[in-house]
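Coordinates in review
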Amino acid sequence: MSKNFNVNVEHVTRVEGHGNIVLNVEKGKIEKIQWQVPEAPRFFEAMLRGRQYTELRSITSRICGICSIGHSLASLKATENALDVNISEQTSLLRHLAINAENMQSHILHVGYLAAPDLFGVDSVIPLVGTDHTDALLKIIKLHRLSNKMSDLICGRTVHPIRLVVGGFSAVPTEKQLINLKKNLVDSIETTKNVAEVILSVADNIPDFTRETEYIGLSSEDEYAFYDGSITSTDTGVHSDNNDYKSIMNEFVVPQSTAKYAKHARDSYMVGALARFNLNSKQLHPLAKEIANMFGLKPISYNPFMNTISQVIEFVHNIEDSIKIIDQLVEAVIDDTEKPEKINADEGMGVGIVEVPRGILVHDYIIKDKKCLHANCIIPTNQNHANIQKDMEEFVPQIIDKSKKEIELNLEMLVRAYDPCISCSTHYLDVKFV
Amino acid sequence: MKPRVAFFDFASCEGCQLQIANLEEEILDLISIVDVVSFREIMKEHSDKYDIAIIEGSIMRPMDEKRICKIRSRAKILVALGACAVMGGINKIRNQWSAEEVKREVYGDADIKDNDFFDAFQTKAINEIVPVDYYIYGCPIDRDEFKRVITALSLGKKPEIPTYPVCVECKKNENVCLFELGKFCLGPITRAGCNAICPTNGSACDGCRGILKKPEVESIIEILERYDLTYEEMKSRSILYNYRKEE
Amino acid sequence: MWGEKSDKCLECSSCTMVCPTCFCYDVKDEVSLNLKDGRRIRTWDSCLLRDFTKIGSGEVFRGDVRERFRHRFYRKGNYLPERYGFVACVGCGRCGIACLPDIADPCDVMNDLSHFEKSDYTSRFFIEQKTETKDKTTIHVPRSATIKHMEKLTETEMFFEIELDDKKSLCHKPGQFVEVSIFGIGEAPISVSSSPSSSPSFEIVVRKVGNVTTKLFTMSTGDKLGIRGPFGNGFDVKSFEKKHLLFASGGIGLVPMRSIINYVLEKENRKRFKDVTILYGARQPSEVLFMGEIEEWKKSSDVKCELTVDQCVDDETWSGNVGLITTLFPKIRLDKYDSKNTIAVVIGPPVMYKFAIRSLETLGIPDENIFVSLERRMKCGVGKCGHCQINGIYVCKEGPVFNYCQIKNLPEAFE
């Protein structure tokens, strides 16, 4: 069949950041498939140069608005490892809560506002207002509000947290506030199940596409890993030394992207909710496991579109996990006057790794005289860019016979499934400051 | 007729737009009083006809400059959203070094010379390229302040942004002054409107809403001495959002 | 001394925010995002902030930090004690702790002040108040009113005839003002331009300068407003009886002046007063207000009326006087007896007072016969919120009409 057409989506909608999809087909032959990242580079590494160790978490949180809590935590872990700070058990639990809150907020935003419209066949959530789906939309908003209130309580503010500081928290919630939060979480379980059922009802619209690739994330013996864990790959297993992340995450520059690409055992790998599910599904809490079964999702799933479903599952897991943690904190009697731990060194090297909603995040600092000398950040989404490119190359031939509009939509859905955070991903590097 | 509003973003973290999505149920109120015709982050729909353009992010490259000029020509009112758009914000920290130096540090030897994507100059705030009608300060913006500005624009009145410092709101919240706790807080010279959220949460103000008036140096040094703080730390903190090239 | 201390002032207002006796407040209209409901709320305000005295046109009356710094101490140590009988500082020391440059402690300031010579003009900061508030229930809650008639006078001035919805008369005195509310937008103090006998409706003229006034311009007959008042002391017309009257207004000053002029010229009242002279100066012919009424005054044998414009732009036709209002004063002939027996009223932009009063003095009119009406930021209208203060005087309560003697030595009265 001789078809000539071009697909040029400039600045894909309903994703964070700026990405372009370019597809040129001439006489039925695919001439060019490209996932471009034209996002303006902000040169964060330059911003970190020479800054006080106390300021690093404020600056890095501004790498991204949605995963600002994640960046702050990774930054703090790196700083604390470098300057030999030991945080208290209470701080660790509160940080687990913070990461749960961020995960919930980001996932429900993505599932509800960014991805679901495609499944409903509309361009955004706005046309859903006033239709039969208004109820579902209101439930999604309710869950989003709960996640934000949780972040507000633990971190002071959901976008660019305030209370997360080196060594602990600048202000700690009271027992009363935590108990109230737990009540809200418990009350929201019913709503969450309803939303999961609504998504299930349109899950048939999810393309059935698979491509075998590697999945990388944190894993742990004790829990579904978010805050702590070891770097693990579906191909090579648990990695022994987190500080040696560079041997797994190999980055390289490509001209069509201001964000670098990354690879390990194959040409590309994927990080994110699906990767975490593939690596940690055994540690899901009971209700989350139920929801996974409801969608028929089992490890290892090679369909990138199922990333969105994994997010629904993680959302449920986060609620259950948070309830558990609050119980722990209340039982241990939370000390709301606890002050952050002091630093025990003026210089050092430290690596901080956490799982943020979109995947595994690494911050690596060298600090001298309490100032940052060397900073290296590996962002989840830039580890996904190569995988998106490879997925497109395999997906397009499978849908080449559809109409141009449908191809465009399918490619956009593919990109959206990854829940990319593109402005984050244009910051990565290896810089030495002399 | 409802005013038509469009959102655009440049070099930013999109946190300010996320704050708008964080209006939760009030988003339904928002779309009842204005027509949101373009909001790339949550909508596929787009229209080039709009009355009010709300811009987040700073200008970094010639291709960004072209885009903002086009937006300015289409909009009657232009609102700068957040510190990056209003005054460059954190993006301006790198202006301490030349654009060439910074690019070399980040991309090393990679071949990016004739690539438009990488062609960056010193960070600029929106009002350094096109005229801005209203400013919404903060990093990120305060949701309540955003609501006040939108309702004011819808009612046809001028939005009231405070011209007084954070101390007013901090004291109204009955906080203990952070200086007493040994921290250096930029609150006394920073614009209010955020309800002193950072000092209320125990973290000193970083001046993300913009410095109101630069106090006399002797006065600052005296204050620093009295509270046992260093000039170096103050200088370092005041660059975070308010970097200005020393003339 | 004030300069030395206030140079270090960061204008953060912490001193006033923590003070237990500070009670100045601001009133704001908050509207919900759905534009359907809202609240009018009262919040703390501080005289240390630059915009405390800012009015719709953007003018600030205590712009220099020195003036504001001084004002705070005089208010605690002077104005409030004179008004209420006790020093308004309880000695808690909070301001001293809260102040970062450590300049706010009243002990330090009072001790420094004591080194200076005691001047005896402090006793004149306080003016015995003669206004009584008739109906206490309506001081803070606006009454509903309707626009009966609107007319554009110039590009920036609009005339309104307003009637209260309960059909009652406003019962105002010439020289008083009302607070006009548009819910969701705000409230603005506007002088009443009509004579009390034009009931039940009353007239105002609005100049488009800020949010409320701009919104008023877009309204139509039949729209609703909120009215509070009348506030202010108004003219003491009894003291004008049996005297010659000289009314000198500049620009928009004619609006409040019109209320006393029309009152005096009314048939029932005219014979209580002797000769009446009206002088009016506008900036340009296109800015002359109430041209129709001016023509009538000019024609009338009962009153002498002179009109001038500061300048006449080429394409406007104007056959009258050209020159500042001061050029009209020489046209008045007054012998020694007459000038002692003449009451002069001057209302106009701040810059006009100095020159007009000098002209009046040249005519031999004594200071105690000169009355002015001053403008400040009137917010509550009843002498509580603190915004309209000139030194210790509340312009909304002891003014806006002042006898020149009372205020000629006040540092902040005429900028």
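Residues numbered from 1 in each chain as written. Chains lettered and ligands numbered in written order. Predicted model: local features only at pLDDT ≥ 70, side-chain atom pairs only at ≥ 80, totals over all residues.

**With respect to the overall build of chain B**
Regarding its fold elements, chain B presents 10 helices and 5 strands. Whereas a compact globule of 247 residues would reach a radius of gyration of roughly 18 Å, chain B reaches 20 Å, a difference of no more than 12%. Dimensions of chain B, computed from C-alpha atoms along their principal axes, come out at roughly 55 × 50 × 30 Å. Within chain B, the fraction of its 247 residues that count as buried is 50%. A separation threshold of at least 6 residues defines the contact pool for chain B, and within that pool the share at least 24 residues apart is 73%. (Helix = DSSP H or I, 4+ residues; strand = E, 2+ residues; numbered from the N terminus. Rg over C-alpha atoms; globule rule 2.2 N^0.38 Å. Buried ≥ 20, exposed ≤ 12 C-beta atoms within 10 Å, placed from the backbone. Contact = placed C-beta atoms within 7 Å.)

**Structural notes on the sheet that holds strand β13 (residues 342-347) of chain C**
Within a sheet, neighbouring strands are paired by backbone hydrogen bonds and run either parallel or antiparallel to one another. Residue and element names in this part refer to chain C. With respect to topology, 7 strands assemble into an open sheet ordered β12-β11-β10-β9-β13-β14-β17, the strand pairing being mixed. A strand with exactly one partner marks an edge of an open sheet, and here the two such strands are β12 (321-322) and β17 (401-403). Here helix α7 (residues 254-265) sits on the sheet in contact with β9 (244-250), β10 (276-282), β11 (303-309), β13 and β14 (370-373), set at roughly 155° to β9. Here helix α9 (residues 291-299) sits on the sheet and contacts β10 and β11; the angle it forms with β11, its principal contact strand, is near 135°. (Pairing = 2+ DSSP bridges. Axes fitted to C-alpha atoms, helices over the stretch in contact; angles between N-to-C directions.)

**Focus: the domain arrangement of chain B**
Accessible area lost during the coming together of the parts is what is often quoted as the interface size. Residue and element names in this part refer to chain B. Domain annotation of chain B identifies domain 1 (4-155) and domain 2 (166-242). Between the C-alpha centres of domain 1 and domain 2 there is a distance of 27 Å. Contacts between domain 1 and domain 2 engage 11 residues on the former and 10 residues on the latter. Top contributing element to the side of domain 1 that touches domain 2 by residue count: helix α4 (residues 83-87), with 3 residues. When its residues are assigned to classes, the side of domain 1 that touches domain 2 shows 7 nonpolar, 2 polar and 2 charged. (Domains from an automatic or database assignment. Nonpolar A, V, L, I, M, F, W, Y, C, P; charged D, E, K, R; others polar.)

**What about the domain arrangement of chain C?**
Residue and element names in this part refer to chain C. When the domains of chain C are assigned, the result is domain 1 (2-118), domain 2 (136-231) and domain 3 (237-407). Placing a centre on the C-alpha atoms of domain 1 and another on those of domain 2 gives a separation of 31 Å. If you look at the interface, domain 1 gives 6 residues, while domain 2 gives 9 residues. For the side of domain 1 that touches domain 2, the element with the highest residue contribution is strand β1 (residues 25-31), accounting for 3 residues. Tallied by class, the residues present in the side of domain 1 that touches domain 2 amount to 2 nonpolar, 3 polar and 1 charged.

**Regarding the packing of helix α4 (residues 89-120) of chain A against helix α11 (residues 404-417) of chain A**
Residue and element names in this part refer to chain A. Two elements in contact, α4 and α11, have axes separated by 10 Å at closest approach and are oriented at 150°. When the axis of α4 is compared with that of α11, the two are roughly antiparallel. The handedness of the crossing between α4 and α11 comes out as left-handed. Between α4, through Leu 114, Ala 115 and Asp 118, and α11, the contact on the second element is made entirely by Met 413, Arg 416 and Ala 417. In the contact of α4 with α11, the residues fall into 4 nonpolar, no polar and 2 charged. (Parallel < 35°, antiparallel > 145°, perpendicular 65-115°, else oblique. Left-handed = near helix turned anticlockwise from the far one by under 90°.)

**Here's the deal with helix α3 (residues 62-74) of chain B**
Every α-helix winds through 3.6 residues per turn, so residues three or four apart in the chain are directed the same way. For α3(B), built from 13 residues, the straight-helix expectation of 18 Å at 1.5 Å per residue is met to within 8% by its first-to-last C-alpha distance of 19 Å. In this structure, the buried side of α3(B) is in contact with β1 (4-9) and β3 (52-56) of chain B. (Expected span 1.5 Å × (residues − 1).)

**As for the nonpolar core**
Core analysis: the largest hydrophobic core is formed by 215 residues, its most contacted members being A:Ala98, B:Ala53 and B:Ile55. In terms of residue count, the dominant contributor to this core is α4(A) (13 residues). If near-sequence neighbours (up to four positions away) are discounted, B:Ile55 is found in contact with B:Phe8, B:Leu78, B:Val79, B:Ala80, B:Leu81, B:Ala85 and B:Ile126. In terms of nonpolar packing, the next biggest core, distinct from the first, is built from 74 residues, C:Ala145, C:Ile260, C:Tyr280 and C:Tyr404 among them. (Core = buried A, V, L, I, M, F, W, Y, C linked by C-beta atoms within 7 Å.)

**Brief notes about the interface of chain B and chain C**
With 29 residues of chain B in contact, the opposing surface of chain C contributes 25 residues. Those elements that provide at least two residues to the side of chain B that touches chain C are α2 (26-33), α6 (143-155), α7 (166-172) and α9 (217-226) of chain B. Along the lines of polarity and charge, the residues of the side of chain B that touches chain C split into 13 nonpolar, 6 polar and 10 charged.

**Examining the interface of chain B and chain A**
In this assembly, 48 residues from chain B lie in contact with 50 residues from chain A. Mapped onto the side of chain B that touches chain A, the elements with two or more residues apiece are α1 (15-21), α2, α5 (99-107), α8 (197-200) and α10 (231-242) of chain B.

**Section: α4(A)**
Residues and elements named next belong to chain A. If you check α4, its first and last C-alpha atoms are 44 Å apart, about what 32 residues at 1.5 Å a residue would give, namely 46 Å. The largest bend in α4 is about 30°, located at Leu 114, with the proline Pro 117 one to four residues further on. The element α4 is extensively covered by neighbouring structure, given that 26 of its 32 residues are classed as buried. Note on α4: the residue one or two positions beyond its end, Gly 121, has a positive phi of about 80°. (Bend = angle between axes of the 7 residues up to and from the residue.)

**Some remarks on the pairing of strand β4 (residues 77-81) of chain B**
Residue and element names in this part refer to chain B. In terms of residue burial, β4 counts as a mostly covered element, since 4 of its 5 residues are buried. Pairing geometry for β3 and β4, over 5 bridges, is parallel. Among the inter-strand pairings, Ala 53 is bridged to a residue of β4, identified as Leu 78. In this fold, β3 hands off to α3, which returns the chain to β4; that crossover is right-handed. By the bridge criterion, 3 bridges tie β4 to strand β5 (residues 134-136) in an arrangement that is parallel. Residue pairing across strands places Ala 80 opposite Tyr 135, the latter belonging to β5. (Right-handed = clockwise from strand over helix to strand, strands pointing away.)

**What about unusual backbone geometry?**
Put simply, A:Pro299 and A:Ile300 share a cis peptide bond, and its omega is -10°. With respect to the helices and strands, the residue A:Ile300 is situated in the loop between α8 (286-295) and α9 (306-331). The step from C:Gly229 to C:Pro230 runs through a cis peptide bond, and the omega angle for that step is 10°. Of note in the backbone geometry, B:Ala196 takes a positive phi value of approximately 50° without being a glycine. Looking at the secondary structure, you find B:Ala196 in the loop between α7 and α8. Backbone geometry at C:Glu11 places phi at a positive 55°, although glycine is not the residue there.

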